[in-house]
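Read off the chains here:
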Amino acid sequence: MKNNQEAAYMGQEFLLWLYWKSCEDGTFSLENLGLGEINISVEEVIDLVSIKGDGYSETIKSTEIMELDSVRESIRLGRLPSLAKIRIISNHLEWFFQLKASPFKMSSVKLPLTGEKDEAEMISQRLDSLTKLDLIMKALFNTFMLEREEEGFVKNIKIFLGM
Amino acid sequence: MTKLLKGTITRTIFKPDKNPKNISDIRESLERFAFKKIDPMDIRDESTGWVDAIMSFDSKNYSSLMHDRFMIFALRTDKFSFSASQIRPHLEEAEHVFKIENNLDYIAAQQRKEIKEQVIKKLKMNSIPKVTITEVAWDMESNLVHLFSQSSQVVVRFTDIFEKTFEVNLETIELYDSMKQIKGTGRIEPVFGKIWSVQ
């Protein structure tokens with residue numbers, strides 16, 4: 001699937017799902033993939049873009065994105081996330097990065113601190129943590145894909161948004 | 001400092017259609033397309049090639065190549081680039097001097113082209129090229145190549161030289177690739193339409 005339009009709305013849906021999940025509890029068990037329990041949160045910035053064709057877009061910056069009623073209200077009005085900053089914590093390791101819906105890519109990834117002084121070790125650990133992040137994101141995306149096929153998916157989003 | 005050691009990271013991930021045979025093969029391939037410094041007198045404005053990921057001046061030894069299951073190296077591009085406004089005063093001066101020295105009112109197009117080339121050569125000799133270094137980490141276990149950039153210019157340049165160097169074809173790996181496995185090749189309809197009226 002290399003269809004840009006399809007990827008763009010899947011990216012927006014995935015960001016919306018991440019926002020929804022992070023507002024609820026943000027904890028996922030990826031034990032079956034050997035990744036343990038992870039916690040995810042949307043933090044600092046979220047860009048919302050209208051899908052109703054009115055050209056509306058806004059950037060909300062706050063230390064408490066998940067608590068802001070204005071974010072949920074804006075989404076209720078049909079403005080979906082096009083970019084957000086995401087924090088993932090897994091076994092005391094922490095990643096912080098930007099996730100964009102179109103192109104659907106992670107960028108500016110802040111990696112967990114290695115605590116290593118040896119350069120070679122530091123490089124190995126940073127590369128390992130990058131591949132671990134890729135595995136986590138792939139697992140999260142797969143979880144989202146499976147969940148969006150479930151019957152109650154749309155109903156549950158509506159309940160979350162208060163619609 | 002190399003992004004492999006410090007700082008935030010932005011990547012594009014690729015999957016080559018072949019695995020490299022061994023480390024000496026990789027080393028030989030890198031050497032064939034190693035970075036060569038650009039000479040200001042050279043007609044080319046740009047030079048691209050492979051360097052060591054930690055010591056970006058080294059394009060011979062690649063002493064930092066192996067890191068556990070990763071092969072790391074970097075793509076270096078040196079480029080001389082002058083805007084029209086940078087060239088203009090030097091060109092106008094050179095043309096003015098040429099007219100006086102040769103007692104001319106008009107300079108022929110070919111002559112004007114040559115004067116411009118001389119002006120650009122002088123500018124190159126008095127400046128240093130813009131340097132871009134982009135790290136690459138090749139995971140030998142998963143056979144995935146991580147390019148530490150999403151710049152389209154860098155991606156195009158990298159794809160071209162990587163494919164030539166290792167005689168492989170690269171496919172970009174995306175976050176949403178697993179959709180194919182889950183949903184097959186059929187079109188996936190957005191769920192938005194079931195919640196909002198979408199234009």
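Residues numbered from 1 in each chain as written. Chains lettered and ligands numbered in written order. Predicted model: local features only at pLDDT ≥ 70, side-chain atom pairs only at ≥ 80, totals over all residues.

(A) The overall build of chain B, seen in detail. Helix and strand content of chain B: 5 helices and 7 strands. Going residue by residue from the N terminus, the α and β elements of chain B occur as β-α-β-β-β-α-α-β-β-α-β-α. Taken over C-alpha atoms, the radius of gyration comes to 24 Å for chain B, far larger than the 16 Å a tight globule of 199 residues would show. The burial tally for chain B puts 23% of its 199 residues in the buried class. Counted over contacts in chain B with a minimum sequence separation of 6, partners at least 24 positions apart contribute 65%. (Helix = DSSP H or I, 4+ residues; strand = E, 2+ residues; numbered from the N terminus. Rg over C-alpha atoms; globule rule 2.2 N^0.38 Å. Buried ≥ 20, exposed ≤ 12 C-beta atoms within 10 Å, placed from the backbone. Contact = placed C-beta atoms within 7 Å.)

(B) Representation of the overall build of chain A. Within chain A one finds 4 helices and 6 strands. In chain A, the succession of helices and strands from N to C terminus is α-β-β-β-α-β-β-β-α-α. Against the 2.2 N^0.38 benchmark of 15 Å for 163 residues, chain A shows a C-alpha radius of gyration of 16 Å, consistent with a compact globule. Expressed as lengths along the three principal axes of its C-alpha atoms, the size of chain A is roughly 55 × 35 × 30 Å. For chain A, buried positions account for 33% of its 163 residues. Nonlocal contacts in chain A, meaning residues at least 24 apart in sequence, comprise 53% of its contacts between residues at least 6 apart.

(C) Quick peek at the environment of A84 of chain B. Relative to the elements of secondary structure, A84 of chain B occurs in helix α2 (residues 84-102). Separated by 88 residues in sequence, A84 of chain B and T172 of chain B place their C-alpha atoms 36 Å apart.

(D) Geometry of the interface of chain A and chain B. Taken residue by residue, the interface counts 37 residues in chain A and 30 residues in chain B. Residue assignment for the side of chain A that touches chain B shows that the elements contributing at least two residues are α1 (4-24), β6 (105-110), α3 (119-147) and α4 (153-161) of chain A. Here the side of chain A that touches chain B takes 15 residues from α3 of chain A, the largest share from any one element. Within the side of chain A that touches chain B, the residues separate by chemical class into 20 nonpolar, 7 polar and 10 charged. (Nonpolar A, V, L, I, M, F, W, Y, C, P; charged D, E, K, R; others polar.)

(E) Representation of the domain arrangement of chain B. For chain B, the assigned domains read domain 1 (12-80 + 129-194) and domain 2 (84-125). One C-alpha centre belongs to domain 1 of chain B, the other to domain 2 of chain B; they are set 40 Å apart. (Domains from an automatic or database assignment.)

(F) Representation of the confidence of the model for chain B within the structure. Mean pLDDT over chain B: 90, with 94% of residues reaching 70 or higher. Here the complex is predicted with pTM 0.88, and the ipTM for its interfaces comes to 0.88. (pLDDT = per-residue confidence, 0-100.)

(G) Spotlight on the nonpolar core. Counting 67 residues, the largest nonpolar core has L15, L18 and I86 of chain A together with I72, F73 and V136 of chain B as the members making the most contacts within it. Apart from residues lying up to four places away in sequence, I72 of chain B is in contact with I123 of chain A together with L4, A53, S64, L65, H67, E135, V136 and A137 of chain B. (Core = buried A, V, L, I, M, F, W, Y, C linked by C-beta atoms within 7 Å.)

(H) How the structure looks around the pairing of strand β5 (residues 130-139) of chain B. Residues and elements named next belong to chain B. Here 10 bridges tie strand β4 (residues 70-79) to β5, and the two strands are oriented antiparallel to one another. Of the residues in β5, the one forming a bridge with D78 is V131. Where β5 and strand β6 (residues 144-147) come together, 4 bridges link them in antiparallel fashion. Its bridge partner being in β6, W138 is matched across the sheet by V145. Counting the residues in the hairpin turn of β5 and β6 gives 4 residues, including N143, whose phi is positive at 55°. (Pairing = 2+ DSSP bridges.)

(I) Here's a closer look at the packing of α2 of chain B against helix α3 (residues 109-125) of chain B. Residues and elements named next belong to chain B. It is the contact of α2 with α3, at a shortest axis distance of 10 Å, that shows an interaxial angle of 130°. In this view, α2 runs oblique relative to α3, as classed from their interaxial angle. With respect to the hand of their crossing, α2 and α3 are arranged in right-handed fashion. Taking contact as the criterion, the partners of I87, H90, L91, A94, E95 and F98 in α2 are, on α3, R112, I115, K116, Q118, V119, I120 and L123. Residues belonging to the contact of α2 with α3 are distributed by class as follows: 8 nonpolar, 2 polar and 3 charged. (Axes fitted to C-alpha atoms, helices over the stretch in contact; angles between N-to-C directions. Parallel < 35°, antiparallel > 145°, perpendicular 65-115°, else oblique. Left-handed = near helix turned anticlockwise from the far one by under 90°.)

(J) Representation of unusual backbone geometry. Residue P103 of chain A is bonded to the preceding S102 of chain A through a cis peptide linkage, with omega at -5°. Looking at the secondary structure, you find P103 of chain A in the loop between β5 (93-100) and β6. In the Ramachandran plot, N91 of chain A falls in the positive-phi region, its phi being about 50° despite a non-glycine side chain. The class for N91 of chain A is exposed, based on 11 C-beta atoms found within 10 Å. Its identity is not glycine, yet N103 of chain B carries a phi of approximately 50°, on the positive side. Tracing the backbone through its elements, the reader meets N103 of chain B in the loop between α2 and α3.

(K) Summary view of the environment of T48 of chain B. Residues and elements named next belong to chain B. Here T48 is to be found in strand β2 (residues 46-51). For T48 and K18, which are 30 residues apart along the polypeptide, the C-alpha to C-alpha distance reads 23 Å. Discounting chain neighbours no more than four positions away, the residues touching T48 are L75, T77, R157 and I161.

(L) Structural view of the environment of A137 of chain B. Mapped onto the secondary structure, A137 of chain B falls in strand β5. For A137 of chain B, a count of 26 C-beta atoms within 10 Å gives the class buried. Residues A137 of chain B and Q153 of chain B lie 16 residues apart in sequence; the distance between their C-alpha atoms is 19 Å. In contact with A137 of chain B, other than residues within four places in its own chain, are L127 of chain A together with F70, I72 and H146 of chain B.

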